[in-house]
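Each chain, written out:
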Amino acid sequence: MKILTHTVKPMIPDSLVPLEEIAHNLWISWNFDAIMLFIRLDYEVWARSNQNPAKMLGMVSQSRFEEVAVDDSYLAALRDVYERFCEYRDGQRWYKGGTERTIAYFSMEYGMDVSLPIYSGGLGILSGDHMKTSSDMGLPLVGVGLLYRQGYFRQYLNADGFQQEEYPENDWYNMPVRQCVNAKGEYVKIAVEMAGEHVVAQVWEARVGRSSLYLLDTNIEENTPANRVITATLYGGDKETRIRQEILLGIGGIRALRALGINVAVSHMNEGHAAFLGLERIRELMTGHGMSSKEATQALWATNIFTTHTPVPAGNERFPLELMERYFSSWARELGLDWTSFMALGRERPDDDKELFCMTVLALKLSAYANGVSELHGHVSRDMWKAIWPGLPTEEVPIGHVTNGVHPRTWISSPMLELLDRYFGPRFSEEPTNLATWDRIERISDDELWRTHERRRERLVVFARDRLKRQMMRQGVSEKGLARANDALSPTLLTISFARRFATYKRGNLLLTDPDRLIRLLSDRDRPIQIIFAGKAHPHDLPGKEIIKELVHFSRRDDVQGRIVFLEDYDMTMARYMTSGSDVWLNTPRRPLEASGTSGMKAGMNGVLNCSVLDGWWAEGNGMENGWAVGKGEEYADEDLQDEIESKALYDLLESEIIPMFYDRGRDNLPREWIRWMKNSIRDTGKNYCTHRMLMEYHGKYYEPALANAKALEDAAYENARAASGYLELARSQWPSVAVQDLRTDARPVMSRGEKVTLSARVSLGKLKPEQVRVQLYYGPVSSQGQIEKPAKAEMAASAESGGLWEYGVTVMCDTTGQQGYAVRVLPRHESLAHPYIPGLVSWA
């Protein structure tokens, strides 16, 4: 069937035209007064559009448009909002550097707003907050992702409480995205070869404040039916679907930016899904600048950034040999690599022909800059991937950390934001990078803060009852049963929430370990608690689905009904209600399996107190009277024992600390100590775990040096990359000859603090020169296992050469008591290396 198509736009009166620009810019998602414009326009249509302003404009009646077009009150509100939008869009930026070079940020998912459902959970929410904050700060950054026809699944529960999934179709012509066009007015499209097939993708743009997010879509006529579904669902399909999506994201994403005329100087991969972009950038350098594969790889390495989110090896994407051969045999030839060398890019053990190709390994090997997403996760990641850098101490594996954050104006409730704006002053909104503003929380009276929070709890209860009633109606519950939904929860009781992905390691059912003890807490006559659960299990995660079912069944018991509820289809709207209206945010992962976690940060900024295992961000964030720690950071080999110990610890906290503090009221009925902790939580979480702190850290650690590297490469016409590549080729050929011999010291068996020690060594360098290596003294206290702990490093200087050996020496101070150890190592040195930690190039005495 041949179908002719065209697009129909709403007829918006001239006085209301700014609504269209506001509706198509995701700036609206963190500006409630802009949202209020659409609610005032027509609340019923707003609700029917699923809070999608772009779609809503096409649903509002023409008569209503004409009515509002002459409403001076509405027009004044629109003028005020649009002026602030323009001031934001065109105003001063925190970033003062040049904008001629762009950072391209790649992520498989983006959680911007409910109106753009291309996210599944925490990774996407982080990506969305990253983009919003980049806009706030004016960074020269664009986002790249995929435009999923169905997005992630919608969750519903059957009558037995078992999770079911549905995949509604997205209508992009009524969503806040627009097709990109070139100077000729043609739609921007790119092509990627996949296993001999020509796959075409159309490019769409979502405006995020003053930044842009570009999304690739294969659901177009030029493609075969099989290729049109590449962008059908997020995290759907089999391994072949995944590799096709990741080829499109990485390789196609770079090509899309080139087609748009964007100068990609630095690429930042948010997880390994986009790691194939490195191959495309290498190919570009080879064809555009006549570089060899090794030279191009060296140029890419200095401008590539990788953020890992996965704390367990099994969670990292790996592809089998047959898939790699099908999709990348031609790529190996184009890059001038034999097949073994190409596959080695994705292998921890390059010579192991049976090892699968790992996207995380590819990203790490092609990136000079890599990081985990919390301090603890940085330690875990260095230990997990240390095999890539044999001979390098774990603490020196070049994977740092930038702890995640959340975007305050997206996640702090509107009533709380109004309160903070009033007391923090205009600096709070105008200078979000001024983190000291959060210290002004003490200006707010206890009474105002508590009343604001109580209103949010009331709204959460109303929201939960409505969602619960709709769930029950869909399940065919009787009128008598529906009446119970109206009585569920109380707006005055201590409310504990648990909302996150239902993976087994997150232990959503830990509180059910001792049901009798839990029931006593729920039904206590004087100091009862209530609990709200929400979250999705992966469609193929049957154990996760069973946990949800267990919770639903428990919530239906006669002795707990109304005090525990499970709300289906957790999304950003529900998250906003729960993270602002709860009293306690519960998190119970098995340490160290939570890389970061950000839901607790959202709650903390709203004054909701965290109660969590010391994992992810909470291992850093706890300890300032802002919440409670379950345990002391222990790790267990026996999971059943861990569950028993930590569930008891959680019950003890509830009974002895949390519940008494909440219900301890004075004559004014204010829980003064609880409010004091709320203020601590808002201040500490706001200062330390907002995305403005996170982006300033990314900029200082990675973006700024990577952009400087890109400029240096361009200014030198890539001769510095060629020189570094040539040096590394020489170093690798000579490294078997590099050896430290005859380490000597003038230290006595017992030395006094403050005395100096001179150490010397003779070092074989092969054909390398002293200025081409770093010879370091590696020293510090010796542990009971015979290892040097908390090592210091001192550069050793070459003095003379004799018999093919160079004499090196250094003098250091004895400044620590106890047994001290000394070792000497050799590392590569070249002015164009971002750091000296190159796999295979370290030699120890």
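Residues numbered from 1 in each chain as written. Predicted model: local features only at pLDDT ≥ 70, side-chain atom pairs only at ≥ 80, totals over all residues. Heavy atoms only, no water.

1. Side note on the overall build of the chain
Part 1: The helix and strand inventory of the chain stands at 29 helices and 28 strands.
Part 2: Its C-alpha radius of gyration of 29 Å places the chain within 12% of the 28 Å reference for a compact globule of 845 residues.
Part 3: Structurally, the chain occupies a C-alpha span of about 95 × 70 × 50 Å along its principal axes.
Part 4: Within the chain, buried positions represent 58% of all 845 residues.
Part 5: Sequence separation of 24 or more characterises 72% of the internal contacts of the chain that already satisfy a separation of 6 or more.
Part 6: A total of about 34400 Å² of accessible surface is found on the chain, and carbon and sulfur atoms cover 49% of it. (Helix = DSSP H or I, 4+ residues; strand = E, 2+ residues; numbered from the N terminus. Rg over C-alpha atoms; globule rule 2.2 N^0.38 Å. Buried < 20%, exposed > 50% of the residue type's maximum accessible area, 1.4 Å probe, protein only. Contact = heavy atoms within 4.5 Å. Areas by Shrake-Rupley, 256 points an atom, 1.4 Å probe, with all protein chains shown as cover.)

2. Thoughts on a negative patch on the surface
Part 1: A grouping of D80, E83, E87, E430 and E431 is seen on the molecular surface, where their side chains present a negatively charged patch.
Part 2: With three residues, the top contributor of residues to the negative patch is helix α6 (residues 72–90). (Patch = residues over 30% accessible without salt bridge, like charges linked within 9 Å, V, L, I, M, F, W, Y side chains within 5 Å. Salt bridge = Lys/Arg side-chain N within 4 Å of Asp/Glu carboxyl O. Lys, Arg positive; Asp, Glu negative; His and termini not counted. Charge placed at Lys NZ, Arg CZ, Asp CG, Glu CD.)

3. Observations regarding helix α28 (residues 691–715)
Part 1: Taken as a whole, α28 carries its principal kink of about 50° at H699.
Part 2: Positive backbone phi, at 55°, marks A717, one or two positions downstream of α28. (Bend = angle between axes of the 7 residues up to and from the residue.)

4. Structural notes on the sheet that holds strand β28 (residues 843–844)
Part 1: Overall, antiparallel pairing links the four strands, which are arranged β24-β23-β27-β28 in an open sheet. Each edge of the sheet is formed by a strand with only one pairing partner; in this case those strands are β24 (792–795) and β28. (Pairing = 2+ DSSP bridges.)

5. Remarks on the pattern of salt bridges
Part 1: In total, this model carries 67 salt bridges according to the counting rule given.
Part 2: For R326, the salt bridge goes to E240, with nearest N and O atoms at 2.8 Å. Highlighted residues: R326 in helix α12 (residues 321–334) and E240 in helix α9 (residues 239–259), separated in sequence by 86 residues.
Part 3: For R326, a relative accessible area of 42% puts it in the partly exposed group.
Part 4: Of the charged contacts, one joins E644 and K648 as a salt bridge, the two residues approaching to 3.4 Å between their closest N and O atoms. Here E644 pairs with K648, and both are found in helix α26 (residues 639–663), just four residues apart, close to one helical turn.
Part 5: Here the salt bridges do not stand alone but share partners, grouping R507, R590, E639, D643 and E646 into one network.

6. Brief notes about the packing of aromatic side chains
Describing an aromatic ring pair means giving the distance of the ring centres and the angle of the ring planes.
Part 1: The tally for this structure, following the rule as stated, stands at 33 aromatic pairs.
Part 2: Between F424 and F428 the ring centres are 5.0 Å apart and the planes differ by 85°, which places this aromatic pair in the edge-to-face class. The pair formed by F424 and F428 is uniform in burial state, with each residue classed as buried.
Part 3: Aromatic rings pair up to connect W450, W628, F662, Y663, W674 and W677 into one cluster.
Part 4: For the cation-ring pair, K536 lies above F153, with the distance from its terminal atom to the ring centre recorded as 5.0 Å. (Phe/Tyr/Trp six-rings, centres within 6.5 Å; stacked < 30°, edge-to-face > 60°. Lys NZ or Arg CZ within 6 Å of the ring centre and 35° of its normal.)

7. Some words on the sheet that holds strand β18 (residues 584–587)
Part 1: Here six strands make up an open sheet; going across it, the order is β17-β16-β15-β18-β19-β20 and the pairing parallel. If you trace the sheet from one side to the other, it starts and ends with β17 (564–567) and β20 (627–630), each paired once. Neighbour-to-neighbour, the strand axes of the sheet open up by a mean angle of 20°, direction not taken into account.
Part 2: Taken together, the four bridges between β18 and strand β19 (residues 609–613) define a ladder with parallel strand orientation. Bridging from a neighbouring strand, V584 pairs with L609 of β19.
Part 3: Sitting on the sheet, helix α27 (residues 672–688) is in contact with β15 (494–499), β18, β19 and β20, with an inclination near 75° to β19. (Axes fitted to C-alpha atoms, helices over the stretch in contact; angles between N-to-C directions.)

8. Comments concerning the nonpolar core
Part 1: With 175 residues, the main nonpolar core has L16, F38, F276 and F328 as its most contacted residues.
Part 2: Take this core: its biggest share by element is nine residues, from α28.
Part 3: Dropping the residues within four chain positions of it, F328 is found in contact with I243, I247, I251, F276, L279, W339 and F342. (Core = buried A, V, L, I, M, F, W, Y, C linked by side-chain atoms within 4.5 Å.)

9. Quick notes on the side chain of N52
Part 1: By secondary structure assignment, the location of N52 is in the loop between α3 (43–48) and α4 (53–56).
Part 2: We classify N52 as buried; its relative accessible area is 3%.
Part 3: Of note is the side chain of N52, whose polar atom sits 3.1 Å from the backbone nitrogen of A54.
Part 4: Beyond its immediate stretch of four places on either side in the chain, N52 contacts W46, S115, N174, M175 and P176. (Polar contact = N/O pair within 3.5 Å; in protein donor to acceptor, adjacent residues only side chain to side chain.)

10. Description of the packing of helix α2 (residues 32–41) against α6
Part 1: Contact pair α2 / α6: the axes reach a minimum separation of 9 Å and the direction vectors enclose 150°. Relative to α6, the element α2 lies roughly antiparallel. You can see that α2 and α6 cross each other, and the crossing is left-handed. Only S73, Y74, A77, L78, V81 and R84 of α6 make contact with α2, whose side of the interface consists of D33, A34, L37, F38, R40 and L41.
Part 2: By residue class, the composition of the contact of α2 with α6 is eight nonpolar, one polar and three charged. (Parallel < 35°, antiparallel > 145°, perpendicular 65-115°, else oblique. Left-handed = near helix turned anticlockwise from the far one by under 90°. Nonpolar A, V, L, I, M, F, W, Y, C, P; charged D, E, K, R; others polar.)

11. Here we look at the environment of G252
Part 1: Inspection of the secondary structure puts G252 in helix α9.
Part 2: Taking the C-alpha atoms as reference, G252 lies 6.2 Å from V192; in sequence the two are 60 residues apart.
Part 3: Apart from the residues lying within four places of it in its own chain, the contact partners of G252 are I190, V192, L216 and I247.

12. Looking at the packing of α9 against helix α10 (residues 277–289)
Helices that pack against each other are described as a pair by the angle of their axes relative to one another and the distance between those axes.
Part 1: Packing of α9 against α10 leaves a shortest axis separation of 6 Å and a crossing angle of 50°. The angle between α9 and α10 falls in the class oblique. Along this stretch, α9 crosses α10, giving a crossing that reads as right-handed. Where α9 abuts α10, its residues G250, I251, I254, R255 and R258 lie against L277, E280, R281, R283 and E284.
Part 2: Residues of the contact of α9 with α10, tallied by class, amount to three nonpolar, one polar and six charged.

13. Brief notes about helix α15 (residues 375–384)
Helical geometry: 3.6 residues make up each α-helical turn, so side chains three or four residues apart lie on a common side.
Part 1: Where burial is concerned, most of α15 is hidden: seven out of the ten residues are buried.
Part 2: All buried positions along α15 are accounted for by L376, H377, G378, V380, S381, R382 and M384.
Part 3: Turning to α15, the residues buried within the fold contact β13 (369–372), β14 (400–401) and α25 (618–621).

14. So, the environment of G261
Part 1: Locating G261 in the fold gives a position in the loop between α9 and β9 (264–270).
Part 2: For the pair G261 and N182, spaced 79 residues apart in sequence, the C-alpha separation works out to 9.3 Å.

15. Some details on the pairing of strand β6 (residues 189–194)
The side chains of a regular strand alternate between the sheet's two faces.
Part 1: Burial along β6 is one-sided: the residues I190, V192 and M194 are buried and none of K189, A191 and E193 is.
Part 2: Pairing between β6 and strand β7 (residues 197–208): six bridges, direction antiparallel. Bridged to K189 within β7 is Q202.
Part 3: Between β6 and β7, which pair antiparallel and follow one another directly, the connecting turn spans two residues, one of which, A195, has a positive phi of 50°.

16. Here we look at the side chain of S413
Part 1: When you line up the elements, S413 lands in the loop between α16 (408–411) and α17 (414–424).
Part 2: Sequence-distant contacts of S413, that is, excluding residues within four places in its chain, are made with R456, S580 and N606.

17. Considerations on unusual backbone geometry
Part 1: A cis amide bond links R591 to the next residue, P592, at an omega of 5°.
Part 2: The topology assignment puts P592 in the loop between β18 and α24 (599–605).
Part 3: Residues other than glycine seldom take positive phi values, yet K790 does so here, at roughly 45°.
Part 4: Positionally, K790 belongs in the loop between β23 (773–781) and β24.
Part 5: Judged by its relative accessible area of 80%, K790 falls in the exposed class.

18. Comments concerning the environment of L551
Part 1: Note on placement: L551 falls in helix α22 (residues 542–555).
Part 2: Among the residues examined, L551 registers a relative accessible area of 2% and is labelled buried.
Part 3: Counting along the chain gives 379 residues from L551 to W172, while the straight-line C-alpha distance between them is 36 Å.
Part 4: Among all residues touching L551, those that are not within four sequence positions of it are F502, G508, N509, L512 and F533.

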